[in-house]
Amino acid sequence: MVVRVEDIAPAVREAEYAVRGPIVTRAQELERQGREVVYCNIGNPQALRQRPLTFVRQVLALSEYPDLLERSPKGTFPADAVETARLVVRESQHGLGAYTEAKGMRFVREAVARFIEERDGISSDPEAVYLTDGASKAAQTVLRLLVADARDGILVPVPQYPLYSATLTLYGGARVDYPLEEGTGWSLSRAALERACERARARGVRVRGIVVINPGNPTGAVLDEKNVEMVLSLAREQGMAVLADEVYQENVYRPGDRFVSFARVAEKLGIRDVSLFSFHSVSKGFLGECGHRGGYVECRNVPGPVQDEITKLQSISLCSNSVGQVVTYLMVRPPRPGAPSFELYDRERREILDGLRRKAEIVARGLDAVEGISCNEVAGAMYAFPRITLPKGVTDSEYCLALLEETGICVVPGSGFGQAEGTWHFRTTILPPVDQIEAVVRKLAEFHVSFGRRRRG
Ligand SMILES: Cc1ncc(COP(=O)(O)O)c(C=O)c1O
């Protein structure tokens, strides 16, 4: 039989993922026709000329092709890159072409646990760490555990990153929206969360978990410790698990703001009765190694039998990719001060983060200054989510398509992330290189003004 689209599972057809939706398809068509397209639709730093960190690529090259360890003339690679690659080859036992343990290689999980311990001053168990193909797979695994049918609800922010809405549709769960308050810098309020829980209960939905994205995508907001405490105490009261999406933990730009992990606050409060799943990734921060698909979930207050089920889920697809696991190792075990690679690593890291900080400001300020656009400060992550005033009858999708056709700039309509009724937005990354970003913002501004004028007639 030939499978027709009508024959496939309805949930697959219904799942939407705007970040790679129809506007991106059109952008690719334009590019094939020879148009220059600036892809601001997705947080994919190396696609926008961010260079990989030298140390990461040196270790990967040596680990993938260990002959280089013997054959390279002395001094080709720094001693710590060689030493790290030797450790990878030794610890991976059969080399990177073999399946790994389903949870991921033990030495990487141990390094992740040590990283969490050093970051937060708490203890972490390598057996509660699972290495995954990016944070996406980690989030999907946890949602798979929590959602049996449409009566199982997960609290998801509005606006949110569409991994969550799409996966809930795929798994047949109920999405329970909670609004972030745009007027106060996309803040999170207990009252809004409580109202969302009440409404879910009134429609027969049992809220099993809450997703918190910190720093926020697409909002760029960074939560403070009080916010994190509030979510944990609410989770306790409402009997929910917490899914802490912390993939942007290195991307905090606003002076005075700092990343506070859910794990740290949960330990500080001595919370033992809330299951916490924390996600991290090699795709963001300053590595930007999206294509290598590395990430992890750390589980806290998750009983052994539940962890066994996670191991089983991982086993069903055998293991996450081995190179992604090695990049995860390098993320959590960077060169230490004094090591031969440290200086270069540190300079590359600072250049990337300083560039992102500057671009965050250029984008937010530049867009906010345009009549008919208001944009909150980009305190963290890699995106701006400006609010736009549109002529009556025009949607954000039409606006983004016209922007693409006229300027070659590819952004995502706010409807792909969720937005308050009656408001329109788009999401753009702040990732184009510093020498392009001013031009991108200027073109966006000129387009906005001329679009409004033409459509109003
Ligand atoms: C909030 C958030 N979570 C998770 C991911 C998934 O990242 P990856 O699967 O590449 O680790 C992204 C990617 O953009 C994201 O923005």
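Report follows, based on the coordinates.

Cut-offs applied
Residues numbered from 1 in each chain as written. Predicted model: local features only at pLDDT ≥ 70, side-chain atom pairs only at ≥ 80, totals over all residues. Heavy atoms only, no water. Near = heavy atom within 4 Å. Polar contact = N/O pair within 3.5 Å; in protein donor to acceptor, adjacent residues only side chain to side chain. Areas by Shrake-Rupley, 256 points an atom, 1.4 Å probe, with all protein chains shown as cover. Helix = DSSP H or I, 4+ residues; strand = E, 2+ residues; numbered from the N terminus. Nonpolar A, V, L, I, M, F, W, Y, C, P; charged D, E, K, R; others polar. Pairing = 2+ DSSP bridges. Axes fitted to C-alpha atoms, helices over the stretch in contact; angles between N-to-C directions. Contact = heavy atoms within 4.5 Å. Buried < 20%, exposed > 50% of the residue type's maximum accessible area, 1.4 Å probe, protein only. Lys, Arg positive; Asp, Glu negative; His and termini not counted. Salt bridge = Lys/Arg side-chain N within 4 Å of Asp/Glu carboxyl O. Expected span 1.5 Å × (residues − 1). Phe/Tyr/Trp six-rings, centres within 6.5 Å; stacked < 30°, edge-to-face > 60°. Lys NZ or Arg CZ within 6 Å of the ring centre and 35° of its normal. Core = buried A, V, L, I, M, F, W, Y, C linked by side-chain atoms within 4.5 Å. Parallel < 35°, antiparallel > 145°, perpendicular 65-115°, else oblique. Left-handed = near helix turned anticlockwise from the far one by under 90°.

**Overview of the site of the ligand**
No. 1: Close to the ligand lie 14 residues; Ser-136, Asp-245, Tyr-248, Ser-281 and Ser-283 are nearest.
No. 2: Between the ligand and the protein, one listed contact pairs an oxygen atom with a side-chain N or O atom of Ser-283 at 2.6 Å.
No. 3: Starting from 400 Å² of accessible surface for the ligand in isolation, the protein chains cover 95%.
No. 4: Considering every element that reaches the shell around the ligand, the biggest residue donor is helix H7 (residues 134-146), with 3 residues.
No. 5: Per-class residue counts for the shell around the ligand are 6 nonpolar, 5 polar and 3 charged.

**Considering the sheet that holds strand S2 (residues 129-132)**
No. 1: Spatially, the 7 strands line up as an open sheet ordered S2-S8-S7-S6-S5-S3-S4, and their pairing is mixed. The open sheet has two edge strands, S2 and strand S4 (174-179), and neither has a second partner. Taken over all neighbouring pairs, the strand axes of this sheet differ in orientation by 20° on average, direction set aside.
No. 2: In this structure, strand S6 (residues 241-245) lies alongside strand S7 (residues 276-281), joined through 4 bridges in parallel fashion. Of the residues in S7, the one forming a bridge with Asp-245 is Phe-279.
No. 3: Taken strand by strand, helix H12 (residues 304-316) contacts S2, S7 and strand S8 (295-300), and its axis lies near 20° from that of S2.
No. 4: Across the sheet, helix H13 (residues 322-332) touches S2, S7 and S8, and the angle it forms with S8 is around 70°.

**Observations regarding the side chain of Glu-246**
No. 1: Positionally, Glu-246 belongs in the loop between S6 and helix H11 (262-268).
No. 2: Here Glu-246 sits buried without a salt bridge, and the closest side chain of opposite charge, Arg-119, lies 4.5 Å off (N-O distance).
No. 3: Beyond its immediate sequence surroundings of up to four residues, Glu-246 is in contact with Arg-119, Asn-214, Phe-259, Ser-261, Phe-262, Ser-278, Phe-279 and His-280.

**What about helix H6 (residues 106-120)?**
No. 1: With 15 residues, H6 extends 21 Å between its outermost C-alpha atoms, agreeing within 8% with the 21 Å of an ideal straight helix rising 1.5 Å per residue.
No. 2: For H6, every residue scored as buried is listed here: Phe-107, Val-108, Arg-109, Ala-111, Val-112, Ala-113, Phe-115, Ile-116 and Asp-120.
No. 3: Directly beyond the C-terminal end of H6, a positive phi value near 65° is found at Gly-121.

**Observations regarding the pattern of salt bridges**
No. 1: Across all of its chains, the model carries 36 salt bridges by this definition.
No. 2: A salt bridge links Arg-336 to Glu-118, with the nearest nitrogen and oxygen atoms 3.7 Å apart. Of this pair, Arg-336 sits in the loop between H13 and helix H14 (342-368) while Glu-118 sits in helix H6; the two residues are 218 residues apart in sequence, bridging distant segments of the chain.
No. 3: We note a salt bridge from Arg-254 to Glu-377, for which the minimum N-O separation is 3.5 Å. Taken together, the residues span a long stretch of sequence, with Arg-254 in the loop between S6 and H11 and Glu-377 in the loop between strand S9 (373-374) and strand S10 (383-384) at a distance of 123 residues.
No. 4: Each of the salt bridges in this network shares a partner with another, and the network as a whole consists of Glu-101, Lys-103, Arg-106, Arg-109, Glu-110 and Glu-127.

**Notes on the pairing of strand S14 (residues 424-429)**
No. 1: The buried count for S14 comes to 5 of 6 residues, which makes it a mostly enclosed element.
No. 2: Here S10 runs beside S14; their pairing, made up of 2 bridges, is antiparallel. Across the sheet, residue Tyr-383 finds its bridge partner in S14, namely Thr-429.
No. 3: Relative to S14, strand S11 (residues 387-388) runs antiparallel, the two sharing 2 bridges.

**Some thoughts on the packing of aromatic side chains**
No. 1: Under the counting rule described, the total for this entry stands at 10 aromatic pairs.
No. 2: With a centroid separation of 5.7 Å and an interplanar angle of 90°, the aromatic rings of Tyr-248 and Tyr-383 are classed as edge-to-face. You can see Tyr-248 sitting in the loop between S6 and H11 and its partner Tyr-383 sitting in strand S10, a full 135 residues away along the chain.
No. 3: Judged by its relative accessible area of 1%, Tyr-383 is buried.
No. 4: Measuring from ring centre to ring centre gives 6.0 Å for Tyr-399 and Phe-426, while their planes differ by 25°; the resulting arrangement is stacked. Of the two residues, Tyr-399 sits in helix H15 (residues 396-407) while Phe-426 sits in strand S14, which places them 27 residues apart along the sequence.
No. 5: Chaining the aromatic ring pairs together yields one cluster made of Tyr-399, Phe-426, Phe-447 and Phe-451.
No. 6: In this structure, Arg-144 packs its charged tip against the face of Tyr-171, placed 4.2 Å from the ring centre.

**What about the nonpolar core?**
No. 1: If you look at the biggest cluster of nonpolar residues, it comprises 144 residues, and the most contacted ones within it are Leu-155, Tyr-164 and Phe-279.
No. 2: Considering every element that reaches this core, the biggest residue donor is H14, with 8 residues.
No. 3: Not counting residues within four places of it along the chain, the set of residues in contact with Tyr-164 comprises Ala-139, Leu-143, Val-156, Val-211, Ile-213, Asp-245 and Phe-279.

**Points about unusual backbone geometry**
No. 1: A cis amide bond links Val-158 to the next residue, Pro-159, at an omega of 5°.
No. 2: Note on placement: Pro-159 falls in the loop between strand S3 (152-158) and helix H8 (163-171).
No. 3: Cis geometry marks the peptide bond from Asn-217 to Pro-218, where omega comes out at 10°.
No. 4: Its location among the elements puts Pro-218 in the loop between strand S5 (206-213) and helix H10 (225-238).
No. 5: Although it is not a glycine, Arg-49 adopts a positive phi angle of roughly 75°.
No. 6: Here Arg-49 shows up in the loop between strand S1 (38-39) and helix H3 (54-64).

**Considerations on the packing of H7 against H12**
Axes are the key here: two packed helices are described by the angle between their axes and the distance separating the axes.
No. 1: Remark: H7 packs on H12, axes separated minimally by 11 Å, with the N-to-C direction vectors making an angle of 125°. Compared by their axis directions, H7 and H12 come out oblique. Relative to H12, H7 is oriented so that their crossing is right-handed. Here Thr-141, Arg-144 and Leu-145 of H7 lie close against H12, whose contacting residues are Val-306, Glu-309, Ile-310 and Leu-313.
No. 2: Class assignment for the residues of the contact of H7 with H12 results in 4 nonpolar, 1 polar and 2 charged.

Purely geometric stuff here, so don't read any function into it on its own.
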